[in-house]
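# Breakdown of the fold
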Amino acid sequence: MPISHQQVTRVSLLGRLLLSEEETETMTAQLGQILTYMQLLDEVDTDQVEPMAHAVEVSDVFRGDQLAPSLARDLALANAPQHDGECYRVPAVLGDA
Amino acid sequence: MNKPYAIIIGLEVHVQLLTSSKLFCGCSTAFGAAPNTQTCVVCTGTPGALPVMNRQAYLLSVKAALGLNCQIARLTKWDRKNYYYPDLPKGYQISQYDMPLSRDGHLDIPDPEQEGQVRRIRIIRAHLEEDAGKSMHDEVAGKADSRIDLNRAGTPLLEIVSQPDLRSPAEAKNYLTELKLLLNYLGVSDCNMQEGSLRVDANINLHVATPEGNVATPIVEVKNMNSFRAVERALAYEAQRQWELWQETGQRIGDVPKQTRGWEEEAQITRPQRSKEESSDYRYFPDPDLAPVTISEDAIAHVRQSLGELPADLRTRLVGQFGITPYDSDVLVSQGRPLVDYFIAAAEACRDGKAAANWVQQSVLRVLNERQMPIEQFPVPPAELGRLIDEVQSGKMETSRGREVLAEMLATGKSAAAAIDALGIVQVDEADLETLCAELLASNPKVVDDLKQGRLKAAGALIGQAKKRNPNVNATRVREICLQLVQRM
Amino acid sequence: MSLTDLSAVELLDRLDARHVTSTEVVQAFLDRIERYDRRIGAFLRVDREAALDQAAAVDRKRQAGEALGRLGGLPVAIKDLLATQGEPTTCASRMLEDFRPPYDATVIARLKAADGVILGKTNMDEFAMGGSTENSAFRLTRNPWDTTRIPGGSSGGSAAAVAAAMAPLSVASDTGGSIRAPASWCGVVGLKPTYGRVSRYGLVAFASSLDQIGPLARTVEDAALLLEVLAGHDPRDSTSVDRPVPNYTSSVGRPLERLRLGIVPELFGDGLDAEVAAAVRVAVDVYRSLGATVQEVSLPHGKYAVATYYIIAPCEASSNLARYDGVHYGYRTDAQKAAARLEAERKALEQAGDRAGLDNLDTALVRMYRQTRSEAFGPEVKRRIMLGTYALSAGYYDAYYLKAMKVRRLVREDFDRAFEQVDLIAGPVTPMPAYPIGEKVNDPLAMYLCDVYTACTNLAGIAGLSIPCGFSSRGLPIGLHLQAPAFEEERLLRGAAMYQRATAWHTRRPSLDGE
Ligand SMILES: [Mg+2]
Ligand SMILES: [Zn+2]
């Protein structure tokens, strides 16, 4: 089930990438090749298999409801591409982003 | 309400849990701090930082879920809900998808149509998730920018999703009121809408009766409602809008994609919000950074025991135990547990529940309101109020005099007895009262005439004069004695 | 013999005996970096001053007779995806070119507490995605044994630095083979610990359920020493496991008695280079000669490892990398230019009367995100974001992600069964010796298939190690892969050390002064 050009375009929006026409072509071909290889998994019968989401079986890992110091604001904002000393700044959030 | 359609409403409520630290880090959840002063590498999603679950947030959630009569999942896990928004620093929200910590509950709410009846609203699920930050639109110097404050990012939220069981905007409001009360009683959330610790999204559509049977109209999600009143109004507006739209277009559910509309408080209307189809593809998957959570039956039972008395049970008990009306009971209970405890102590001290209920509602609540004070800070202890009520009920003084005594107690911190003394209140001897009345009649022949003519209102003048000569006299008694004396004349 | 020829353990002996100072040791490695790294390209940054300051501080402590940490002034090179407070941590990506974390990763804090001296940050595939280090946004790293060839990846800088004796030790990460494959191709020892053995706090995530931090070194003893410092429970990482850390350095010299070594016949099938196969078989014979019994075991789902891994890892990565959107940290596109471009697109669509196109046009914010990410991520990262986003998206989740999670359990169960019969499993690390630079850059699937032997270790969450076991006819190193059950790093290290004592492969050095 190689992926279509249109699907690649849709996924690129979902993944917030902007692909040129040429990149989309290449991506469609490469993902198609990779996804075809993944069809190898179809031959494995997994009907009765529990999915494995974690590599270790630990559960109930908690911390207490204790306060820890927060970052100084200048340090918190230091890596931001744009800030005004108080807040991160971005192009207007209008409707759905 | 003879409309040819039914309104179908389901609510999604997010409440902030009363923890001191955030869901996955040690930053404070306190409201009102300067922007971006309550963040750390975890809640800003700084590369490499990892979340660790706050145990208290989980326990509070279980408590709330039990209060909502939900089934608690023995195993629950964390999922990532992936979407891009500038106030969501990791690009995903840690939430719960297919294994929420609880499901299948209900909340009984007062039926707005029938006094004293309840409606059972089913709860689909209640799950835990982290809050996002806050985007603020800023238009300075022609540049339209948004400013992002991440203080709130990572605050624990409980999302409570109801079945679409609500049938009117008034029911929606009652549901929210009851939910807030319950969560307050449980100490799970303060549900303060102004501070954003309770937020409501509503799904609403109509079931229209047509010759071919009931037809469902497209579901609309309504957001941006900032008070319970706003919820009620937005839903009323939306129901009417949908009804008109149905008459115009005949659109049914499925004909158009689900629409999201925002309530605009100033214009009192809902308006469509921009949304894209792809934005609903959240690509949920188990969060590999967090371990699942298990809970034993014993632990669930333990939390259940800690719930205390829930508002619905408390209402019933107050009626039965103190003989007060369901209405009074509701008023008291809806003020919160500390006020109810105050009432109970006062009622037990005076052994008169009805009188205590009146005093608490009419005097205590008024003072609390005036002074913007919680009951915990009310200066008069309930036992003292009880003693005062006792004195009033035994006829030592009238209610209005009793109020003066209470004012004295509030002003000076005196006990009831001391305040009564200070105001010189003593019960007037019956013989003295008759003498006084006889004197008043003697010096007011005009009034006597009026009374004889059956103009009973005239007695008021006598009462006023009697009070002037002795403030402790009982107005009712003065009136009664005067009328008796006139009759005997 | 120069200081840089010595192993970490040997250097530590001399430091403790005060025959040398940390300053001298660090200076020696810095000089070597100065001399050779222009050709090798192992490091992204070397902070000479900071390293010498740290070394001097350790020397002062030693001089004053204060208690010193386990590393006692030894220099360590750090893969550039471990957060170092106030210092660039780039993941070899344009995206994080200027990123300076406000905190130290737990392993960095442990290294510092152990009196390790940080030499610098090593090159890698961007965000650890790749098998050749060709995906670094900043520089190419060359294999010290043959500079026309890749060092492997994604920890290519770390492996090359250790192989070229520009650092005695390096800390790196392994998500599907990223420590072991470059170790194998550069002829050094690399260990991927059990998932949960080492804290991931401060490791910039690629695939969170697979990532694990581990040591690279020239000898097994050195790897044991470094692992001892790195390992242990961390309350900041919910997936780190609270189990005591054995004293690896004191046990590593004890051979495994009655070792039962497993080999997996299906791993020696198609696609395995004959010289690699031969070297591994000879290595297994060495174990026989040391008294081990060799037994065939089956890992029937091993052949699905690559497909499984290349679903799970990109899915997690697509989510882990969503935070790079130009808002809170990292690169942001020139928003003005992006807006202008968007406006031009709008005009064009308007002129063409393309209503659907206009409806689908990005908002300024969405365009900022997309432009930012497209400019700052390299092709392999984009490919994996696309792959993962697709595999998690509505309608494909069950067929890809859910399926892969199920096969993952089968892979794990294969190992559980195998380890009922054997103590360690031996095999090849990579299907072939290091290949020429550029050979697979345009063939992602071919690149992915190189992870066929290593990815299952990560899927199962168990421990694996690569140790030099020979050379190809072209003089390229070949690695032996040993795998042990979860939390059996001690067994793994002892088993590797007994082989190392019986062989001399680890003593060979690439010649860097002109071929
Ligand atoms: Mg939610
Ligand atoms: Zn925080």
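Residues numbered from 1 in each chain as written. Chains lettered and ligands numbered in written order. Predicted model: local features only at pLDDT ≥ 70, side-chain atom pairs only at ≥ 80, totals over all residues. Heavy atoms only, no water.

## Focus on the overall build of chain B
On a plain count of helices and strands, chain B comes out with 15 helices and 18 strands. Projecting the C-alpha coordinates of chain B onto the three principal axes gives extents of approximately 95 × 60 × 55 Å. Looking at chain B residue by residue over its 489 residues, the buried ones come to 54%. Within chain B, contacts between residues at least 6 apart in sequence are counted, and of these 68% link residues at least 24 apart. A total accessible area of about 21500 Å² is found for chain B, and carbon and sulfur atoms account for 48% of it. In chain B, which carries 56 positive and 64 negative side-chain charges, the distance between the mean positions of the two groups comes to 2 Å. (Helix = DSSP H or I, 4+ residues; strand = E, 2+ residues; numbered from the N terminus. Buried < 20%, exposed > 50% of the residue type's maximum accessible area, 1.4 Å probe, protein only. Contact = heavy atoms within 4.5 Å. Areas by Shrake-Rupley, 256 points an atom, 1.4 Å probe, with all protein chains shown as cover. Lys, Arg positive; Asp, Glu negative; His and termini not counted. Charge placed at Lys NZ, Arg CZ, Asp CG, Glu CD.)

## What to know about the domain arrangement of chain C
All names here are of chain C. Along its sequence, chain C is organised into domain 1 (3-259 + 489-507) and domain 2 (325-376). When each unit is reduced to the centre of its C-alpha atoms, the spacing between domain 1 and domain 2 is 42 Å. Between domain 1 and domain 2, the contact holds 6 residues from the first and 6 residues from the second. Regarding the contact of domain 1 and domain 2, the summed buried area is about 430 Å², with carbon and sulfur atoms giving 68% of it. When the buried area of domain 1 at its contact with domain 2 is split by residue, R94, M95 and F99 rank highest and sum to 86% of it. Our count for the contact surface shared by domain 1 and domain 2 stands at 0 salt bridges. For the pair domain 1 and domain 2, the interface holds 1 residue pair in polar contact (both at pLDDT 80 or more). (Domains from an automatic or database assignment. Buried area = accessible area lost by both parts, 1.4 Å probe. Salt bridge = Lys/Arg side-chain N within 4 Å of Asp/Glu carboxyl O. Polar contact = N/O pair within 3.5 Å; in protein donor to acceptor, adjacent residues only side chain to side chain.)

## Things to note about the packing of helix α10 (residues 305-320) of chain C against helix α15 (residues 398-421) of chain C
Residue and element names in this part refer to chain C. Running from amino to carboxyl end, α10 crosses α15 at an angle of 120°, the nearest separation of the two axes being 9 Å. Of the possible angle classes, the one that applies to α10 and α15 is oblique. Seen along the crossing, α10 lies across α15 with a hand that is left-handed. Contacts between α10 and α15 pair T308, I311, I312, C315 and E316 from the former with Y400, Y401, A404, M405, V407 and R408 from the latter. (Axes fitted to C-alpha atoms, helices over the stretch in contact; angles between N-to-C directions. Parallel < 35°, antiparallel > 145°, perpendicular 65-115°, else oblique. Left-handed = near helix turned anticlockwise from the far one by under 90°.)

## Quick word on the packing of aromatic side chains
Within the structure shown, the criterion is met by 27 aromatic pairs over all chains. Seen from their ring centres, Y324 of chain C and F377 of chain C are 6.4 Å apart, and the 90° between their planes marks the pair as edge-to-face. A residue pair is termed long-range when its members are at least 10 positions apart, and Y324 of chain C in the loop between α10 and α11 (335-352) and F377 of chain C in the loop between α13 (364-376) and α14 (379-392) qualify at 53 residues. These aromatic residues form a ring-pair network of at least three members: F99, F127, Y324, Y329 and F377 of chain C. For the cation-ring pair, K81 of chain B lies above Y282 of chain B, with the distance from its terminal atom to the ring centre recorded as 4.4 Å. Directly above the ring of Y435 of chain C sits K440 of chain C, whose terminal nitrogen or CZ lies 4.8 Å from the centroid. (Phe/Tyr/Trp six-rings, centres within 6.5 Å; stacked < 30°, edge-to-face > 60°. Lys NZ or Arg CZ within 6 Å of the ring centre and 35° of its normal.)

## Quick look at the interface of chain A and chain C
Contact residues are listed per partner, giving 56 residues for chain A and 67 residues for chain C. When the two sides are added together, the surface that chain A and chain C hide from each other amounts to roughly 5600 Å², 69% of it contributed by carbon and sulfur. For the chain A face of the interface with chain C, the top three residues by lost area are L18, M52 and N79 of chain A, together amounting to 14%. For the pair chain A and chain C, the interface holds 3 salt bridges. Linking chain A to chain C there are 20 residue pairs in polar contact (both at pLDDT 80 or more). Elements that contribute at least two residues to the side of chain A that touches chain C include exactly α1 (5-14), α2 (21-38) and β2 (88-91) of chain A. The leading source of residues in the side of chain A that touches chain C is α2 of chain A, at 9 residues. Considering only residue class, the side of chain A that touches chain C consists of 37 nonpolar, 8 polar and 11 charged. (Nonpolar A, V, L, I, M, F, W, Y, C, P; charged D, E, K, R; others polar.)

## Remarks on the sheet that holds strand β5 (residues 79-82) of chain B
Overall, antiparallel pairing links the 3 strands, which are arranged β6-β5-β17 (chain B) in an open sheet. Across the chains shown, the open sheet's two edge strands, defined by having one partner strand only, are β6 (92-95) and β17 (285-286) of chain B. Note: β5 of chain B against β17 of chain B, 2 bridges, orientation antiparallel. Counterpart to D79 of chain B in the pairing with β17 of chain B is P286 of chain B. Across the sheet, α10 of chain C is in contact with β5, β6 and β17 of chain B; its angle to β5 of chain B comes to roughly 60°. (Pairing = 2+ DSSP bridges.)

## Quick notes on the coordination of the zinc ion (ligand 2)
Binding of the zinc ion (ligand 2) to the protein goes through C25 of chain B (SG), C27 of chain B (SG), C40 of chain B (SG) and C43 of chain B (SG), at separations of 2.3 to 2.4 Å. Note that the zinc ion (ligand 2) binds 4 donor atoms; their angles at the metal cover 101 to 115°, and the shape is tetrahedral. (Donors = N, O, S within 2.8 Å, 3.2 Å for Na, K, Ca; no water. Tetrahedral: all angles 85-135°; square planar, octahedral: opposite > 155°, others 65-115°.)

## A short note on the coordination of the magnesium ion (ligand 1)
Residues and elements named next belong to chain B. For the magnesium ion (ligand 1), the protein coordination sphere consists of H14 (NE2), E129 (OE), E129 (OE) and E159 (OE), at 2.0 to 2.8 Å. Going along the chain, you hit the donors of the magnesium ion (ligand 1) in the pattern H-x114-E-x29-E. A residue pair is termed long-range when its members are at least 10 positions apart, and E129 in strand β8 (residues 118-130) and E159 in strand β11 (residues 156-162) qualify at 30 residues. Assigned by exposure class, E129 and E159 land together as buried.

## What about the sheet that holds strand β10 (residues 463-471) of chain C?
Residue and element names in this part refer to chain C. In space, the 11 strands of this open sheet follow the order β1-β3-β2-β4-β6-β5-β10-β11-β9-β7-β8, with mixed pairing throughout. Each edge of the open sheet carries a strand with a single partner, namely β1 (43-46) and β8 (293-296). Direction aside, the axes of adjacent strands within the sheet are offset by 30° on average. Sheet topology places β10 next to strand β11 (residues 477-484); 8 bridges connect them, and they run antiparallel. If you follow A463 over to β11, its bridge partner there is A484. Contacting β1, β2 (75-79) and β3 (117-122), helix α2 (residues 22-40) runs over the sheet at an angle of about 20° to β3.

## Describing a negative patch on the surface
All names here are of chain C. A cluster of acidic side chains, namely D47, E49, D53 and E87, defines a negative patch on the protein surface. In this structure, D53 sits in helix α3 (residues 48-63). Among the residues examined, D53 registers a relative accessible area of 52% and is labelled exposed. (Patch = residues over 30% accessible without salt bridge, like charges linked within 9 Å, V, L, I, M, F, W, Y side chains within 5 Å.)

## Examining the interface of chain B and chain A
With 54 residues of chain B at the interface, the matching set in chain A holds 37 residues. Counting each side, the surface lost to burial between chain B and chain A is near 3800 Å², with a carbon and sulfur contribution of 54%. Counting across the interface, chain B meets chain A through 4 salt bridges. Of the charged contacts, one joins R89 of chain A and D145 of chain B as a salt bridge, the two residues approaching to 3.1 Å between their closest N and O atoms. Taken together, the links from chain B to chain A amount to 21 residue pairs in polar contact (both at pLDDT 80 or more). Elements represented by at least two residues in the side of chain B that touches chain A include exactly β2 (53-54), α1 (55-67), β9 (134-140), β10 (143-149) and β18 (293-294) of chain B. The element that contributes the greatest number of residues to the side of chain B that touches chain A is β10 of chain B, accounting for 6 residues.

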